[in-house]
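So the chains spell out like this:
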Amino acid sequence: MLQPEAVELVILAAAALAFAVAFSPPAASRRELLGKGGVGVVGAAAIAAVPTFEGTLLALLALGVLHSIIGGKRPLAVRLRGPVVAVTLLGLGAFFARVQGPEVMERFAAVGLVAGLAAGVGVLPYLHPIDPDEPLVSSPVVWLAFAGPVLAAVIVQRAQSLLPVDAAGAFGAMLIGLGLINVVWGGAAAWLTESEAVAWRYSFVADWGLVLCGLGLIVADGQRAAIVMLFSIVLGRLPLYLVALHAPHEKVVTGRPVNLVVAAALAGSAPFAGFAARLLLLRAATQLFWPLAIVLAAGMLLWLPGSLRLGRSLGLPKGRQAVGVALVLAVNVAAGLYPLPILLAAHL
Amino acid sequence: MVDAVAAFVAWLGASVVVLADGRRGLALGAAISVAGMAVLALDAAGPEAAASVALGGVVAAAGRLRSGRGGWHIMPAGSTPRLVLCIAAALLALWIAAALTTGPAAPLRFTAMVVIGLSGARVLGADEPPILFTAIGLLALAIALAAGIGQIAPTPWPFLAAAVIAGLAGWISPRTVAAA
């Protein structure tokens, strides 16, 4: 049976692709975007649709190979490394979950599944190397927001059904731990790194940290926080990143009102979708273990300086791109003020 | 007894893929490993699964003969760490499959673990597309084989999907990659 969160995330990925095609600058090839992006959406749908865990791994492997051979600036071996390491670790994790043996095998299974998930998505400690000149369709940053969400939703749900109760608890705890590392590292790196392209990548990683924390919190609000955060990645940060990629480079960087509003959206301020996700996450953490909420709240402050910088990187959007930015901001405000449809679609 | 021999053959083939750099060596390794995995798939999931693995493996091995560095190039100079990896992986997998874990199908557990591990390691340590895609083909087949562990009636679908991936990966040439 199809998982509602995964179906919703596939639809969101298709919407992000439609945005990229509609609002890409005239220089970009719309046909190439549509063709290769469409294959990506089909691959993500295949990951969600196959009924078994191993089927998901095979779909991930096929999608990873396709993503690697469509071209790019990085060597093929580097491009293949992420998905292959992910499939290897997830395969070994599933193996340890299925065999009969001492309890330590279940712990190995949880470690393999969490590590494989991190490698598949491309977050710490398995960051995929990036090249600032990488074409959009083969970029690992786009993979983070395009295929990653569906993969995470499917793997977490199936892993929890594979693991016994104790190991599922360990799996959740490791997701939270990994999420916190990504929050701190990603937030600090997005602020302090020199390259703008790298800063954008780390901002995705920081957002993914919150998603992992939400997925690891076993209460309903944690799952709700994760799905709203994924919405904000796919239909918030990704489209703004696409606009920033093609923004004209300014000699003197100045902060205009539009840049401040974009920075607020990227930082997860009210009334954008990221704010609703953060509130849900803090509520879930308070229900489970309140000191975690303090750590998360402190980590969320790291978004502010990095987001101001990324907001400025959009410059002054004009014409079609200005319409795109306005649309993204409006959608994120709507989702932030009234996230119920997103949650209902995911049956949460 | 047959399963134990098949598990050994599958490890031997995967080790040849790890140790070879030439197209003939890679094709031979893939063919040997697939022969062992097909026998195990027959026991675990029936004749359709075994036929899928065998067909996918043969197509992958045939495709590999078309491209890549010419000759065998098995155990070229500097391949001692790879040889150590193959032996160490086999010993570790044997200990886990036979001593640490319980239940029937120890050869299946050994093969799934050792082929997944060696294929993944081969991709991490290689740069040339023919080597990468040969290892990916074996990885796909081993993932399907792992689906048979702990299941009463495994379906042949994962084997069929893995065979398609392995077969197609075997025919991806460096020219295809460069043209994309």
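Residues numbered from 1 in each chain as written. Chains lettered and ligands numbered in written order. Predicted model: local features only at pLDDT ≥ 70, side-chain atom pairs only at ≥ 80, totals over all residues.

Trainee: Looking at this structure, I do not really get the overall build of chain A. What am I missing?
Mentor: The number of helices and strands found in chain A is 16 helices and zero strands. Radius of gyration (C-alpha) of chain A: 19 Å, near the 20 Å computed for a compact globule of 348 residues. Here the C-alpha coordinates of chain A stretch approximately 65 × 45 × 35 Å along the principal axes. Taken across its 348 residues, chain A has 58% of its residues classed as buried. Expressed as a percentage of contacts within chain A between residues at least 6 apart in sequence, the contacts between residues at least 24 apart total 76%. (Helix = DSSP H or I, 4+ residues; strand = E, 2+ residues; numbered from the N terminus. Rg over C-alpha atoms; globule rule 2.2 N^0.38 Å. Buried ≥ 20, exposed ≤ 12 C-beta atoms within 10 Å, placed from the backbone. Contact = placed C-beta atoms within 7 Å.)

Trainee: For this particular structure, what's the right way to read the packing of helix α3 (residues 53-69) of chain A against helix α7 (residues 148-162) of chain A?
Mentor: Two quantities define a packed helix pair, namely the angle between the helix axes and the distance between the axes. All names here are of chain A. The contact between α3 and α7 brings their axes to 10 Å, and the two run at 155 degrees. Looking at the two axes, α3 sits roughly antiparallel to α7. Remark: the crossing between α3 and α7 carries left-handed chirality. On α7, the residues touching Phe53, Thr56 and Leu60 of α3 are Leu151, Val154, Ile155, Arg158 and Leu162. Counted by class, the contact of α3 with α7 contains six nonpolar, one polar and one charged residues. (Axes fitted to C-alpha atoms, helices over the stretch in contact; angles between N-to-C directions. Parallel < 35°, antiparallel > 145°, perpendicular 65-115°, else oblique. Left-handed = near helix turned anticlockwise from the far one by under 90°. Nonpolar A, V, L, I, M, F, W, Y, C, P; charged D, E, K, R; others polar.)

Trainee: Could you clarify how one ought to interpret the packing of helix α1 (residues 2-19) of chain B against helix α4 (residues 80-100) of chain B in this entry?
Mentor: Residue and element names in this part refer to chain B. Relative orientation of the contacting elements α1 and α4 amounts to 155 degrees, with a least axis distance of 9 Å. Taken together, the axis directions place α1 and α4 in an arrangement best described as roughly antiparallel. α4 is crossed by α1, and the crossing has right-handed handedness. Contacts from Trp11, Ser15, Val18 and Leu19 in α1 reach Arg82, Leu83, Leu85, Cys86 and Ala90 in α4. Looking at side-chain class alone, the contact of α1 with α4 contains seven nonpolar, one polar and one charged residues.

Trainee: Help me understand the interface of chain A and chain B, please; the structure alone is not making it clear to me.
Mentor: It is common to give the size of an interface as the accessible area that goes away when the parts come together. In this assembly, 30 residues from chain A lie in contact with 33 residues from chain B. Elements that contribute at least two residues to the side of chain A that touches chain B include exactly α3 and α4 (76-98) of chain A. Element by element, the count of residues in the side of chain A that touches chain B is highest for α4(A), at 13 residues. Of the residues belonging to the side of chain A that touches chain B, the class tally is 20 nonpolar, seven polar and three charged.

Trainee: Got a minute to help me understand unusual backbone geometry in this structure?
Mentor: Working note: non-glycine residues mostly have negative phi, and peptide bonds are mostly trans. The peptide bond linking Leu124(A) to Pro125(A) adopts the cis configuration, its omega dihedral lying at 5 degrees. Geometrically, the link from Ala270(A) to Pro271(A) is a cis peptide bond, its omega value of 5 degrees lying close to zero. Summarising the element assignment, Pro271(A) is placed in the loop between α11 (257-267) and α12 (273-288). One non-glycine residue, His347(A), adopts positive backbone phi at about 60 degrees. Residue placement: His347(A) occurs in the segment after α16 (340-345). Phi is positive for Ala105(B), close to 65 degrees, though the residue is something other than glycine. In this structure Ala105(B) comes out as buried when scored by C-beta crowding, with 20 C-beta atoms within 10 Å.

Trainee: I keep staring at α4(B) and nothing clicks. Help me out?
Mentor: Because an α-helix packs 3.6 residues into every turn, residues spaced three or four apart end up facing the same way. The terminal C-alpha atoms of α4(B), which comprises 21 residues, lie 28 Å apart, in line with the 30 Å expected from a rise of 1.5 Å per residue. Close packing links the buried residues of α4(B) with α1 and α5 (106-125) of chain B. (Expected span 1.5 Å × (residues − 1).)

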